[in-house]
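The residues making up each chain are set out below.
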Amino acid sequence: MIPLTKKYAPKSLKDIKGQDDAVKALKEYVANFKKEKKRAVWVYGPSGSGKTSVAYALAHEFSYEIIEVNASDFRNKEQIGLKVGGAVFQQSLFSKGKIILVDEVDGLSGRDDRGGLPELMGIIERTTFPIILTATNPWDFKFNRLRNKCKLVELKAIDYADVADVLKHICLKEGIKYEIDVIKSLARRAGGDCRAAINDLQTLTEMTKELTKESLSMLEQRSQEESMPNALIKIFKTTDPKIAIAAFENVKEDLNQQFLWIDENLPHEYTKPEDLVRAYDKLSKADVFNRRIRRWQHWRFLVYINALITAGVAVSKDEKYSKFVQYKPTGRLLKMWWAKQKSMKKKAIAAKIAEKTHSSVKDIVKDIEYFKIMFKKDRGMAQRIADYADLDKEEIDWLRK
């Protein structure tokens with residue numbers, strides 16, 4: 001059976017929902033490519049926002065051939081040169097032009113790339129065809145030089161109403177009976193990820209051709225069973241190590257997030273001091289093993305870590321607590337994420353200014369607040385600095401905040 005995400009992938013730009021500004025910018029870029037200073041465009045945004053789809057829709061709009069390369073599969077200099085360079089420097093045989101799509105550029109950030117990024121930058125400088133790069137986050141410091149050669153276009157998380165319209169269209173085409181409230185609920189729970197919403201729709205209706213509240217509740221129950229709160233119930237609400245030890249088998253969060261979830265909720269669950277002392281002792285021993293893994297790469301210690309943070313924490317209490325506790329994620333995760341995003345943008349801007357002023361990035365980062373004052377107070381000077389340092393609109397907006 002054909003996946004609905006593939007069957008109903010946007011065929012033209014008018015089918016791209018909720019990305020009007022980005023679609024307009026990309027269409028103008030491809031139409032005026034010969035006059036563009038930047039020889040590639042970097043499309044970024046959250047998962048399911050349509051990064052790959054918009055590239056294919058652009059190619060269809062201009063009757064161009066599209067050649068897709070996944071950067072995760074072609075990482076080093078030789079592979080990038082052969083695959084991307086081969087596509088760029090050969091004329092299109094079947095249409096009046098072509099677009100080169102380098103998908104998931106995040107895949108080039110590893111230590112095994114061996115010249116992949118410099119090779120890609122060299123190809124961008126020499127290309128005669130539009131190159132579209134896609135990634136979730138372009139602000140990683142490793143991408144500074146690559147990002148400077150690209151025009152940045154952001155795709156936003158898609159509004160739930162637009163996701164709901166897509167789901168309704170698919171239901172009508174596929175003859176799926178649906179309740180409008182359930183369509184809206186399914187769209188909301190996708191969190192702006194249109195691809196995830198379509199996959200959920202196919203999962204729920206593949207057998208019955210019907211979307212109801214009952215089927216949606218089954219999906220929500222399945223998601224809950226794989227969530228961190230449910231995993232914590234298996235640890236905190238039992239004294240049986242056999243139940244607790246399998247708690248994290250079906251959750252997506254990595255080990256560091258598991259530590260943070262337990263650390264955040266443990267004091268709310270274990271109110272007896274002696275229980276809390278024993279539980280934190282197990283957690284601290286697990287952290288020691290985790291540090292040994294990072295230092296010496298002794299991955300066999302993962303077994304001990306899992307046993308300590310699950311079964312170890314579970315048996316640390318004398319008896320189960322009967323009270324209800326609403327488990328919640330630590331606020332530190334969100335704070336760390338925002339701080340990282342802010343730091344990446346700051347370093348990216350500082351790197352551009354440092355290159356033009358023959359200064360170190362470290363010194364410019366220290367002085368970034370002075371640049372922010374100039375950009376807020378003196379628009380003329382701000383524009384001159386932006387032009388000289390080749391700052392894009394988003395970087396200028398960040399300095400004016």
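For the structure itself, look to the data block above.
Residues numbered from 1 in each chain as written. Predicted model: local features only at pLDDT ≥ 70, side-chain atom pairs only at ≥ 80, totals over all residues. Heavy atoms only, no water.

(A) Molecular detail of the overall build of the protein chain. Across its full length, the protein chain holds 20 helices and 7 strands. C-alpha extents for the protein chain along the principal axes are approximately 75 × 60 × 45 Å. Burial analysis of the protein chain (401 residues in total) assigns 44% to the buried set. Surface summary for the protein chain: the accessible area is close to 22400 Å², and the carbon and sulfur share equals 53%. Separation of charge centres in the protein chain, based on 73 positive and 57 negative side chains, amounts to 4 Å. (Helix = DSSP H or I, 4+ residues; strand = E, 2+ residues; numbered from the N terminus. Buried < 20%, exposed > 50% of the residue type's maximum accessible area, 1.4 Å probe, protein only. Areas by Shrake-Rupley, 256 points an atom, 1.4 Å probe, with all protein chains shown as cover. Lys, Arg positive; Asp, Glu negative; His and termini not counted. Charge placed at Lys NZ, Arg CZ, Asp CG, Glu CD.)

(B) Fine view of the nonpolar core. One finds F236, F248, I305 and I309 to be the most contacted residues of the largest nonpolar core, which totals 29 residues. Listing elements by their share of this core, those giving two or more residues are α11 (228-236), α13 (255-269), α14 (273-296) and α15 (302-314). I309 has contacts with I235, F248, L255, Q258, F259, I262, L283 and A286, leaving out every residue within four places of it along the chain. Among the nonpolar cores identified, the runner-up in size contains 28 residues, and V102, M121, I123 and L152 belong to it. (Core = buried A, V, L, I, M, F, W, Y, C linked by side-chain atoms within 4.5 Å. Contact = heavy atoms within 4.5 Å.)

(C) Fine view of the packing of helix α4 (residues 77-88) against helix α5 (residues 116-126). Direction vectors running N to C along α4 and α5 enclose 20 degrees, while the axes themselves pass 8 Å from each other. Between α4 and α5, the angle falls in the class roughly parallel. Taken as a pair, α4 and α5 cross one another with a handedness that is right-handed. For the pair formed by α4 and α5, the contact residues are K77, I80, G81, V84, G85 and V88 on the first element and G116, E119, L120 and I123 on the second. Looking at the contact of α4 with α5, its residues break down into 5 nonpolar, 3 polar and 2 charged. (Axes fitted to C-alpha atoms, helices over the stretch in contact; angles between N-to-C directions. Parallel < 35°, antiparallel > 145°, perpendicular 65-115°, else oblique. Left-handed = near helix turned anticlockwise from the far one by under 90°. Nonpolar A, V, L, I, M, F, W, Y, C, P; charged D, E, K, R; others polar.)

(D) Molecular detail of the environment of I158. Its place among the elements puts I158 in the loop between β5 (150-154) and α7 (160-174). Between the C-alpha atoms of I158 and G192, which are 34 residues apart in sequence, the distance is 4.4 Å. Those residues in contact with I158 that sit more than four places away from it in its chain are K17, Q19, G48, S49, V163, G192 and C194.

(E) Unusual backbone geometry, seen in detail. At S63, a residue that is not glycine, the phi angle is positive and equals roughly 55 degrees. As for its placement among the helices and strands, S63 is situated in the loop between α3 (51-61) and β2 (65-70). The backbone of K209 sits at a positive phi, close to 55 degrees, despite the residue not being glycine.

(F) How the structure looks around the environment of K98. Position of K98 relative to the elements: it lies in strand β3 (residues 98-103). The exposure class of K98 is buried, given its relative accessible area of 2%. Distance from K98 to L26, taken between C-alpha atoms, is 14 Å for residues 72 residues apart in sequence.

(G) Local environment of a negative patch on the surface. Side chains of E179, D181, E210 and E214 sit close together on the surface and give a patch of like negative charge. Residue position: E214 is located in helix α10 (residues 213-225). (Patch = residues over 30% accessible without salt bridge, like charges linked within 9 Å, V, L, I, M, F, W, Y side chains within 5 Å. Salt bridge = Lys/Arg side-chain N within 4 Å of Asp/Glu carboxyl O.)

(H) Here's a closer look at the pattern of salt bridges. Within this structure, the stated rule accounts for 17 salt bridges. A salt bridge links E319 to K272, with the shortest nitrogen-to-oxygen separation between them at 3.5 Å. Of this pair, E319 sits in the loop between α15 and α16 (331-357) while K272 sits in the loop between α13 and α14, and the two are 47 residues apart along the sequence. Judged by its relative accessible area of 29%, K272 falls in the partly exposed class.

(I) A look at the sheet that holds β2. An order of β2-β3-β4-β1-β5 is seen for the 5 strands of this open sheet, with the pairing classed as parallel. The open sheet is flanked by β2 and β5, the only strands paired with a single partner. The sheet shows a mean angle of 20 degrees between the axes of neighbouring strands, direction not considered. In terms of strand pairing, strand β1 (residues 40-44) meets β5 through 5 bridges, oriented parallel. Considered in β5, the bridge of W42 is made with L152. α3 contacts β1, β2, β3 and β4 (131-135) of the sheet and is inclined by roughly 170 degrees relative to β3. Of the strands in this sheet, β1, β4 and β5 touch α5, which is tilted by about 145 degrees from β4. (Pairing = 2+ DSSP bridges.)

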